[in-house]
Amino acid sequence: MILERPWGAARDCEQIEASMVEEPRMRQIADELREQIETGALPPGALMPSEPEVARSYGGSRQTARSALQLLEQQGLVIVRPPRGRIVRSNQRLVWRLSEFELPENTGLASSDAWETDIERQGHDPTRQNLEVETIHPPRDIATRLKLDPEKDLCVVRRRVRFIDGKPAITSDDYFDEAIVRGTELAAPEDTTREDILKEADYEQTYDVDEIITRMPTPDEARRLGIRTGVPVAELTRTAYTAEDKPVRVMTVVILGDTQVLRYVIPT
């Protein structure tokens, strides 16, 4: 008696056999790509070849190429950054180029876009940001910097938590005199894509003064950033001034002390 397998069972067996053949090839492709990452042939921030490119280069199917690239994702070597594709992840400290984002040649860009592009270039994923906008009486230290009365005057604060590689990494809070930004995009509860709003309000910022300290986080900072016990933070306070030396913006940034580098380029 000859027993025939049902058509569906035969198809399932063929798929299993095909997957058994593709599995070693997939791992071989992943190993070769991993070697390129580890040797620096594909450096942090580099765009990985696409699935069709991998399939053509290594002579496998697109599904095999996809599986190989996904394996590198699972191993933490590659991250997905739509719409660009997959990029090589970096395990080095992030460099935040604080002297570059607000240069005149960059004022036509959204600072968040410039920041995201730079973080991505370094091999990390600037996943998202949370934004809250409030009108409050300024804390005393902010009031002093903006030359406001902490009891009578109001300020608009735009609070951000920026995420890198899916984890909260930076808090960035911008304070403005409410009387200056009233009715502008800076007082609205949405993100804005322009950097010349203060200029349009006749309060163009022409220079900044930065102050940096290191300390242990406050309970609120530990909550916002998910900081584990014993990790210090660096705090940057940037006060922006007009040409007439009027303070118009205070930005306070808190970063994890063990993950990032604050970098400046200073003319001499």
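Residues numbered from 1 in each chain as written. Predicted model: local features only at pLDDT ≥ 70, side-chain atom pairs only at ≥ 80, totals over all residues. Heavy atoms only, no water.

**Some points on the environment of T184**
Okay, step 1: Tracing the sequence through the fold places T184 in the loop between α6 (178-181) and α7 (197-200).
Okay, step 2: For T184 and I197, which are 13 residues apart along the polypeptide, the C-alpha to C-alpha distance reads 7.4 Å.
Okay, step 3: At 2.7 Å, the side chain of T184 and the backbone oxygen of V181 are in polar contact. (Helix = DSSP H or I, 4+ residues; strand = E, 2+ residues; numbered from the N terminus. Polar contact = N/O pair within 3.5 Å; in protein donor to acceptor, adjacent residues only side chain to side chain.)

**Digging into the pattern of salt bridges**
Okay, step 1: Following the criterion strictly, the structure yields 21 salt bridges and no others.
Okay, step 2: For E51, the salt bridge identified is with R86, shortest N-O distance 3.2 Å. Pair noted here: E51 is in helix α2 (residues 51-58) and R86 is in strand β2 (residues 85-88), with a separation of 35 residues, a long-range link.
Okay, step 3: Taking the relative accessible area as the measure of exposure, E51 reaches 10% and is therefore buried.
Okay, step 4: Here E235 ties to R215 by a salt bridge, and the two come within 2.8 Å at their closest N and O atoms. A residue pair is termed long-range when its members are at least 10 positions apart, and E235 in strand β8 (residues 233-241) and R215 in strand β7 (residues 207-215) qualify at 20 residues.
Okay, step 5: Each member of the salt-bridge network shares a partner with another, and the members are E51, R62, R66, E73 and R86. (Salt bridge = Lys/Arg side-chain N within 4 Å of Asp/Glu carboxyl O. Buried < 20%, exposed > 50% of the residue type's maximum accessible area, 1.4 Å probe, protein only.)

**Digging into the environment of G85**
Okay, step 1: Within the secondary structure, G85 sits in strand β2.
Okay, step 2: Residue class for G85 comes out partly exposed when judged on its relative accessible area of 25%.
Okay, step 3: Sequence separation between G85 and S50 is 35 residues; the distance between their C-alpha atoms is 7.4 Å.

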